[in-house]
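The chain contents come next:
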Amino acid sequence: VQLQACGGGLVQAGDSLRLSCAASGLTFNTHTMGWFRQAPGKEREFVATIRAMNGYTYYADSVKGRFTISRDKVKNTVYLQMDSLKSEDTAVYYCAAGPGIILSNIRNGPAYAYWGQGTLVTVSS
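Treat the numbers as computed from the prediction; the structure is a model and nothing was measured.

Peer 1: If you had to explain the overall build of the protein to someone new, which residues and values would you point to?
Peer 2: A count of helical and extended segments in the protein gives zero helices and 11 strands. Moving toward the C terminus, one meets the helices and strands of the protein in the order β-β-β-β-β-β-β-β-β-β-β. Taken over C-alpha atoms, the radius of gyration comes to 13 Å for the protein, in line with the 14 Å a tight globule of 125 residues would show. Expressed along its principal axes, the backbone C-alpha trace of the protein runs to roughly 40 × 30 × 25 Å. Looking at the protein as a whole, 46% of its 125 residues qualify as buried. Taking all contacts inside the protein whose residues are at least 6 apart in sequence as the whole, residues at least 24 apart take part in 57%. On the protein, roughly 6300 Å² of surface is accessible, and the fraction owed to carbon and sulfur atoms is 49%. Computed over 12 positive and 8 negative side-chain charges, the inter-centroid distance for the protein is 8 Å.

Have a look at this one:
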(Lines give C-alpha, C1' and ligand atoms only; values in the text may rest on other atoms or scores of the structure.)
Protein backbone atom coordinates (compact mmCIF):
# COMPACT_ATOMS: atom_id res chain seq x y z
CA VAL A 1 0.00 0.00 0.00
CA GLN A 2 1.20 3.48 -0.87
CA LEU A 3 -0.34 6.82 -0.07
CA GLN A 4 0.91 9.93 -1.81
CA ALA A 5 -0.35 13.23 -0.42
CA CYS A 6 0.03 16.55 -2.16
CA GLY A 7 -1.56 19.96 -2.47
CA GLY A 8 -0.15 21.78 0.51
CA GLY A 9 1.20 25.29 0.31
CA LEU A 10 1.25 28.80 1.71
CA VAL A 11 -2.08 30.62 1.74
CA GLN A 12 -3.67 33.51 3.56
CA ALA A 13 -6.35 33.28 6.19
CA GLY A 14 -9.74 32.89 4.57
CA ASP A 15 -8.36 31.17 1.48
CA SER A 16 -9.11 27.65 0.29
CA LEU A 17 -6.86 24.72 -0.50
CA ARG A 18 -7.48 21.17 -1.66
CA LEU A 19 -5.29 18.29 -0.60
CA SER A 20 -5.15 15.04 -2.54
CA CYS A 21 -4.08 11.59 -1.49
CA ALA A 22 -3.49 9.06 -4.24
CA ALA A 23 -3.77 5.52 -2.95
CA SER A 24 -2.44 2.33 -4.46
CA GLY A 25 -2.65 -1.24 -3.28
CA LEU A 26 -5.98 -0.83 -1.54
CA THR A 27 -9.64 -0.35 -2.30
CA PHE A 28 -12.00 2.16 -0.74
CA ASN A 29 -14.56 -0.62 -0.34
CA THR A 30 -12.47 -2.13 2.44
CA HIS A 31 -10.34 0.77 3.69
CA THR A 32 -11.38 3.76 5.71
CA MET A 33 -9.45 6.85 4.64
CA GLY A 34 -8.56 9.63 7.01
CA TRP A 35 -6.72 12.91 7.27
CA PHE A 36 -4.70 13.85 10.32
CA ARG A 37 -2.50 16.85 11.02
CA GLN A 38 0.37 17.80 13.25
CA ALA A 39 1.17 21.40 14.07
CA PRO A 40 4.63 22.44 15.26
CA GLY A 41 5.12 21.43 18.87
CA LYS A 42 1.79 19.66 19.07
CA GLU A 43 0.58 16.11 18.88
CA ARG A 44 -0.96 14.65 15.78
CA GLU A 45 -4.71 15.15 15.69
CA PHE A 46 -7.63 13.77 13.76
CA VAL A 47 -9.11 15.97 11.04
CA ALA A 48 -11.58 13.97 8.96
CA THR A 49 -12.39 10.48 7.78
CA ILE A 50 -14.51 8.73 5.19
CA ARG A 51 -15.52 5.22 6.00
CA ALA A 52 -15.15 2.19 3.76
CA MET A 53 -18.23 0.93 1.91
CA ASN A 54 -20.87 3.42 3.09
CA GLY A 55 -18.73 6.53 2.62
CA TYR A 56 -20.00 8.21 5.78
CA THR A 57 -17.86 11.18 6.79
CA TYR A 58 -16.77 12.43 10.19
CA TYR A 59 -14.93 15.58 11.19
CA ALA A 60 -13.09 17.10 14.08
CA ASP A 61 -15.13 19.87 15.68
CA SER A 62 -12.41 22.38 14.82
CA VAL A 63 -12.90 21.87 11.07
CA LYS A 64 -16.57 20.95 10.82
CA GLY A 65 -18.34 23.18 8.33
CA ARG A 66 -15.06 24.34 6.76
CA PHE A 67 -13.40 21.11 5.55
CA THR A 68 -14.88 18.43 3.32
CA ILE A 69 -13.46 14.97 2.76
CA SER A 70 -14.38 13.08 -0.38
CA ARG A 71 -13.14 10.21 -2.49
CA ASP A 72 -12.97 9.25 -6.16
CA LYS A 73 -13.11 5.49 -6.54
CA VAL A 74 -12.08 5.63 -10.19
CA LYS A 75 -8.94 7.63 -9.46
CA ASN A 76 -8.46 5.90 -6.08
CA THR A 77 -7.87 9.33 -4.60
CA VAL A 78 -9.12 11.00 -1.45
CA TYR A 79 -9.47 14.75 -1.17
CA LEU A 80 -9.63 17.25 1.64
CA GLN A 81 -11.22 20.51 0.58
CA MET A 82 -10.28 23.17 3.09
CA ASP A 83 -12.20 26.45 3.06
CA SER A 84 -12.07 29.50 5.31
CA LEU A 85 -8.61 28.54 6.44
CA LYS A 86 -7.34 29.92 9.72
CA SER A 87 -3.82 30.35 11.05
CA GLU A 88 -4.48 27.53 13.50
CA ASP A 89 -4.91 25.16 10.55
CA THR A 90 -1.19 25.44 9.88
CA ALA A 91 0.25 21.92 10.11
CA VAL A 92 1.64 18.99 8.23
CA TYR A 93 -1.32 17.04 6.92
CA TYR A 94 -1.16 13.27 6.59
CA CYS A 95 -3.50 10.91 4.85
CA ALA A 96 -4.00 7.50 6.35
CA ALA A 97 -5.80 4.29 5.51
CA GLY A 98 -6.92 1.26 7.42
CA PRO A 99 -9.03 -1.81 6.86
CA GLY A 100 -11.83 -2.76 9.21
CA ILE A 101 -11.74 0.30 11.44
CA ILE A 102 -14.69 0.26 13.79
CA LEU A 103 -16.66 3.44 14.33
CA SER A 104 -15.33 4.05 17.82
CA ASN A 105 -11.74 4.08 16.48
CA ILE A 106 -12.05 6.32 13.44
CA ARG A 107 -10.46 9.27 15.27
CA ASN A 108 -7.55 7.22 16.60
CA GLY A 109 -4.35 7.40 14.60
CA PRO A 110 -3.06 3.94 15.65
CA ALA A 111 -6.16 2.37 14.10
CA TYR A 112 -4.86 3.32 10.65
CA ALA A 113 -2.31 0.88 9.25
CA TYR A 114 -0.94 2.98 6.41
CA TRP A 115 0.29 6.55 6.27
CA GLY A 116 1.38 8.97 3.59
CA GLN A 117 4.40 11.23 3.79
CA GLY A 118 2.58 14.43 4.74
CA THR A 119 2.10 17.76 3.03
CA LEU A 120 2.67 21.12 4.69
CA VAL A 121 -0.11 23.69 4.90
CA THR A 122 0.83 27.14 6.12
CA VAL A 123 -1.87 29.74 6.70
CA SER A 124 -0.69 33.28 7.25
CA SER A 125 -2.91 35.69 9.17
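There's more to say after this.
Peer 1: How would you sum up the nonpolar core? Please name residues and give values.
Peer 2: Counting 36 residues, the largest nonpolar core has Met33, Trp35, Leu80, Met82 and Tyr93 as its most contacted members. Mapped by element, the contributors of at least two residues to this core are strand 1 (2-6), strand 3 (17-24), strand 4 (31-38), strand 5 (45-50), strand 7 (67-72), strand 8 (77-82), strand 9 (91-99) and strand 11 (119-124). With five residues, the top contributor of residues to this core is strand 9. Once you skip the residues sitting within four places of it in the chain, Tyr93 turns out to touch Leu19, Trp35, Phe36, Arg37, Val47, Phe67, Leu80, Met82, Gly118, Thr119 and Val121.

Peer 1: Before we move on, could you go through the side chain of Thr119 and cite the residues and values that matter?
Peer 2: Topologically, Thr119 is positioned in strand 11. A relative accessible area of 10% places Thr119 in the buried class. A polar contact is formed between the side chain of Thr119 and the backbone nitrogen of Gly8, at a distance of 3.0 Å. Once residues lying within four places of it in the same chain are set aside, the contact partners of Thr119 are Ala5, Cys6, Gly7, Gly8, Leu19, Ala91, Val92 and Tyr93.

Peer 1: Would you mind going over the pairing of strand 3 in detail, with residue names and values included?
Peer 2: Pairing of strand 1 with strand 3, which is carried by five bridges, proceeds in the antiparallel orientation. Bridging across to strand 3, Gln4 finds its partner in Ala22. Bridge count for strand 3 against strand 8 is six bridges, and the pairing is antiparallel. In the strand pairing of strand 8, Ser20 is matched with Tyr79.

Peer 1: Describe the pattern of salt bridges, listing the residues and the values that go with them.
Peer 2: According to the stated counting rule, one finds four salt bridges in the structure shown. Its salt-bridge partner being Lys64, residue Asp61 comes within 3.2 Å of it at the nearest N-O pair. Where Arg66 meets Asp89, a salt bridge forms, and the shortest distance between an N and an O atom there is 2.8 Å. Remark: Asp89 occurs in the loop between strand 8 and strand 9 and Arg66 occurs in the loop between strand 6 (57-59) and strand 7; sequence separation between them is 23 residues. A residue is classified by how much of its surface remains accessible, and Arg66, at 11% relative accessible area, is buried. Residues participating in the shared-partner salt-bridge network are Arg37, Glu45, Arg66 and Asp89.

About the cut-offs
- Residues numbered from 1 in each chain as written.
- Predicted model: local features only at pLDDT ≥ 70, side-chain atom pairs only at ≥ 80, totals over all residues.
- Heavy atoms only, no water.
- Helix = DSSP H or I, 4+ residues; strand = E, 2+ residues; numbered from the N terminus.
- Rg over C-alpha atoms; globule rule 2.2 N^0.38 Å.
- Buried < 20%, exposed > 50% of the residue type's maximum accessible area, 1.4 Å probe, protein only.
- Contact = heavy atoms within 4.5 Å.
- Areas by Shrake-Rupley, 256 points an atom, 1.4 Å probe, with all protein chains shown as cover.
- Lys, Arg positive; Asp, Glu negative; His and termini not counted.
- Charge placed at Lys NZ, Arg CZ, Asp CG, Glu CD.
- Core = buried A, V, L, I, M, F, W, Y, C linked by side-chain atoms within 4.5 Å.
- Polar contact = N/O pair within 3.5 Å; in protein donor to acceptor, adjacent residues only side chain to side chain.
- Pairing = 2+ DSSP bridges.
- Salt bridge = Lys/Arg side-chain N within 4 Å of Asp/Glu carboxyl O.

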